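Structural features, examined
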Protein chains: 2
Amino acid sequence: MIGIDWGTTSFRAYRVGRDGGIRDQRAAPKGILNVPDGRFGDTLREEIGPWLAAGEDRVLLCGMIGSRQGWVEAPYLPCPAGPAELAAALVDIGFDWARVKLVPGLSGLDEAGVAEVMRGEETQVLGVATLLRDGGIACLPGTHSKWVRVAGGRIVSFTTHMTGEVFAALRGYTILARMMRDGPSDGASFDAGVARSADPGGLLHHVFGVRALALADRLAESEAAAYLSGILVGHEVRAALAGAGGAVVQLIGTPELTGLYGRAIQACGGYAERHDGEAAAYGLALIAEHAQWT
Amino acid sequence: MIGIDWGTTSFRAYRVGRDGGIRDQRAAPKGILNVPDGRFGDTLREEIGPWLAAGEDRVLLCGMIGSRQGWVEAPYLPCPAGPAELAAALVDIGFDWARVKLVPGLSGLDEAGVAEVMRGEETQVLGVATLLRDGGIACLPGTHSKWVRVAGGRIVSFTTHMTGEVFAALRGYTILARMMRDGPSDGASFDAGVARSADPGGLLHHVFGVRALALADRLAESEAAAYLSGILVGHEVRAALAGAGGAVVQLIGTPELTGLYGRAIQACGGYAERHDGEAAAYGLALIAEHAQWT
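On a predicted model such as this, the values are computed, not experimentally measured, just so you know. (Residues numbered from 1 in each chain as written. Chains lettered and ligands numbered in written order. Predicted model: local features only at pLDDT ≥ 70, side-chain atom pairs only at ≥ 80, totals over all residues.)

**Section: the overall build of chain A**
Applicable threshold: Helix and strand definitions here come from DSSP, where helices need a minimum of 4 consecutive H or I residues and strands a minimum of 2 consecutive E residues; each element is numbered from the N-terminal end. Radius of gyration here is computed from C-alpha atoms only, and the compact-globule reference equals 2.2 Å multiplied by the residue count raised to the power 0.38. Counting other C-beta atoms within 10 Å of a residue's C-beta gives its exposure: the residue is buried at 20 or more, exposed at 12 or fewer, and partly exposed in between, where C-beta atoms are placed from the backbone.
Per the secondary structure count, chain A includes 10 helices and 14 strands. Its C-alpha atoms give chain A a radius of gyration of 20 Å, within 12% of the compact-globule value 19 Å for 294 residues. Taken along its principal axes, the extent of the C-alpha atoms in chain A is 65 × 40 × 35 Å. Burial analysis of chain A (294 residues in total) assigns 53% to the buried set.

If you want it as structure tokens, here you go:
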């Protein structure tokens, strides 16, 4: 089968064999915002035409391609949901070269009853074998980080943290911007920020400390962004792990981000295992197995 | 005497009688950033010339006028410090119409050893009689809120929270901006945000909920900014009051801000008393009493 993680800015396609192994893959900067005039079918043909010609005829898509701005809008499926529930809720897309279906996103309520939604992350999470088998916690760091709980082979709940976007807003549009210069960081500043997040005073006090330390010449301009990032990630991880000390967290994302989050999770008393975007391929193949293709 | 709270954007002058009462006052948008070419002496003459002509000849300034961008830079005085210590550290300014002195700002270290500084707030805090007499906690809300501890008639420590500026950055430069429209709020949304800040999940999760609630049509565009503000102020107040349940907080600032913070403090289990900017006049008069004017 062919599995495609089609997000806002990127397109990642995997050709998965019957044994579940990835036989081929390709990526392009053809996220849904970069496809002109809604020509999703043309894009699909351009990218995976050779695989279709070679005989593949089952294509499963996940991600923002199922949103209002995508090809076809797929209504969110409420939690809890696993591969079988998602497979039963797939949305068919009319496409003349192959059978194409879409994984719906998931919706849920956090502890306070606030609605949450995701598109694409559910498939990545279900592609991590250990989560599906034993349950546990997944974290998908990014602009809007997701923390996802899995139990009994199903996603039971999740929460979103605005960490990446808050970082960008503080980095770019506050007094802290003047304290920062782009440049390689040695990692120690990120760790110092994570450690700082454990102190009393709260996030709004800790972020001001970036300025105070810089004014006191205790924080170099090239390290200030890493320190700020550590403060924010540290607060995210501590809040997400609250009451789950010693938890094992399955991190899914780019090596750069999962590396940083892994260090933060360890510093906060948890354990991290890291996975990259290929988790989506395994999740797509698993959902495809449960689906009706006739 | 004449006391002047001369900040970044505003100039507030008070004529204080021998009984400590405010006899006259004037305000102008002549903060240090609005005075061209460093003509601070000319501005002073324009604003308080008539009072000087009427016989006043002791002028005490506090605020950013003592910063590097101000008239004369006054080095920060380390905490703990009260009226006597500040009076002993006043900086003389050469001015031919009257004797003019400057209150230095204060510096301190927070619990984690991070340096903090203030200019002007120290004078407002010492102008609140109950703090000077009984000690306690002051809060000066704003772009960079200050929380100040007073004991034995001296300021012993303080912390800064970047609440106002974080609000502006999130309001203006994140996905939340689209969820918001300016407009009068009924106050209930601010209170709901304060209540939300007590839930698990942390600040970075709570702020994302602004989007989730708006998408679910559970938060009107005209209420979203007030809700976001409540979340941030709630987190600030909870962190600042941690371990001080039932505390009485002396709030100093504009009626609008101290009104909101007063509600938040009450919701977080504390008690608030409100004071406006005139606290600076009482603080300036008190410091002037301790000073050598000959």
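So that's the structure; there's more coming.
**Side note on the relation of the copies chain A and chain B**
Each of the two chain copies can be brought onto the other by rotation about an axis and movement along it. The cut-off we apply is this: We place the copies in one frame by least squares, fitting the C-alpha atoms of every residue whose pLDDT is at least 70 in both. Two residues form a contact once the distance between their C-beta atoms, set from the backbone, is within 7 Å.
Once turned by 180° and shifted 0.0 Å along the axis, chain A lies on chain B with an RMSD of 0.0 Å. What the superposition gives is, in effect, a two-fold axis relating one chain to the other. Of every C-alpha in chain A, the one belonging to Ala169 of chain A sits nearest the axis of rotation, 2.8 Å from it. With an isologous cut-off of 70% or more, the 100% of interface residues of chain A that recur at the interface of chain B puts this contact in the isologous class.

**Details of the sheet that holds strand β9 (residues 115–118) of chain A**
Residue and element names in this part refer to chain A. Using the following cut-off: Paired strands, in this sense, are two strands between which DSSP finds at least two bridges.
Strands sit in the order β5-β8-β9 across an open sheet of 3 strands; the sheet is mixed. In the strand order of this sheet, the two ends are held by β5 (77–78) and β9, each with one partner. Pairing of β5 with strand β8 (residues 106–109) involves 2 bridges; the strand directions are parallel. Within β8, the residue paired with Leu77 across the bridge is Leu106.

**Considerations on the sheet that holds strand β11 (residues 145–151) of chain B**
All names here are of chain B. Note the cut-off: Between N-to-C directions, angles cover 0 to 180 degrees, with each direction set by a line fitted to C-alpha atoms, over the stretch in contact for helices.
The mixed open sheet is built from 5 strands, whose spatial order is β12-β11-β10-β13-β14. Edge strands, defined here as strands with exactly one partner in the open sheet, are β12 (154–161) and β14 (271–275). Direction aside, neighbouring strands of the sheet carry axes that sit 25° apart on average.

**So, the packing of helix α8 (residues 221–241) of chain A against helix α7 (residues 203–215) of chain B**
Note the threshold: Should an angle lie under 35 degrees it is considered roughly parallel, over 145 roughly antiparallel, and from 65 to 115 roughly perpendicular; all remaining angles are considered oblique. Side-chain classes follow a simple rule in which Ala, Val, Leu, Ile, Met, Phe, Trp, Tyr, Cys and Pro form the nonpolar group, Asp, Glu, Lys and Arg form the charged group, and the remainder, Gly included, forms the polar group.
For the pair α8 of chain A and α7 of chain B, the least separation of the axes is 8 Å and the interaxial angle reads 90°. When the axes of α8 of chain A and α7 of chain B are compared, the pair comes out roughly perpendicular. Counted together, Leu232, His235, Glu236 and Ala239 of chain A of α8 of chain A and Leu203, Leu204 and His205 of chain B of α7 of chain B form the full contact between these two elements. Across the contact of α8 of chain A with α7 of chain B, the residue classes tally to 4 nonpolar, 2 polar and 1 charged.

**Things to note about the interface of chain A and chain B**
Note on interface size: it is often stated as the accessible area lost on association of the parts. In this assembly, 39 residues from chain A lie in contact with 39 residues from chain B. When residues of the side of chain A that touches chain B are assigned to their parent elements, the largest contribution, 8 residues, is made by helix α7 (residues 203–215) of chain A. Of the residues in the side of chain A that touches chain B, the class split is 20 nonpolar, 12 polar and 7 charged.

**Observations regarding the pairing of strand β8 (residues 106–109) of chain B**
Alternating positions in β8 of chain B separate cleanly, Leu106 and Gly108 of chain B being buried on one face and Ser107 and Leu109 of chain B remaining unburied on the opposite face. Taking the residues between adjacent antiparallel strands as the criterion, β8 of chain B and strand β9 (residues 115–118) of chain B are bridged by 5 residues, where Gly113 of chain B takes a positive phi near 85°.

**Looking at unusual backbone geometry**
Put simply, Cys79 of chain A and Pro80 of chain A share a cis peptide bond, and its omega is -10°. Along the chain, Pro80 of chain A turns up in the loop between β5 and α2 (83–88). The phi dihedral of Asp37 of chain B is positive, around 55°, even though this residue is not glycine. Checked against the element boundaries, Asp37 of chain B lands in the loop between β3 (22–28) and α1 (40–53).

**Structural notes on the environment of Ala27 of chain A**
Residues and elements named next belong to chain A. Mapping Ala27 onto the fold places it in strand β3 (residues 22–28). Judged by C-beta crowding, with 13 C-beta atoms within 10 Å, Ala27 ranks as partly exposed. For Ala27 and Glu122, which are 95 residues apart along the polypeptide, the C-alpha to C-alpha distance reads 20 Å.

**Some remarks on the environment of Phe167 of chain B**
All names here are of chain B. Locating Phe167 in the fold gives a position in helix α5 (residues 163–173). For Phe167, a count of 19 C-beta atoms within 10 Å translates into the label partly exposed. A sequence separation of 61 residues divides Phe167 from Leu228, and the C-alpha atoms of the two residues are 7.5 Å apart.

**Section: helix α10 (residues 279–290) of chain B**
Every α-helix carries 3.6 residues per turn, so stepping three or four residues along brings you back to the same face. The test is simple: An expected span of 1.5 Å times one less than the residue number is assigned to each helix.
In a regular helix each residue adds 1.5 Å, so 12 residues correspond to 16 Å; α10 of chain B covers 17 Å between its end C-alpha atoms and thus fits that length. Counting buried residues in α10 of chain B gives 10 out of 12 residues, a clear majority hidden from the surface.

**Thoughts on the pairing of strand β14 (residues 271–275) of chain A**
All names here are of chain A. Definition in use: Seen with the strands pointing away from the viewer, any crossover whose path from the first strand over the helix to the second strand runs clockwise is right-handed.
Looking at chain direction, strand β13 (residues 248–252) and β14 are connected through 5 bridges and run parallel. Across the sheet, the residue bridging to Leu251 is Arg274, located in β14. As a crossover connection, the stretch from β13 through helix α9 (residues 255–267) into β14 is right-handed.

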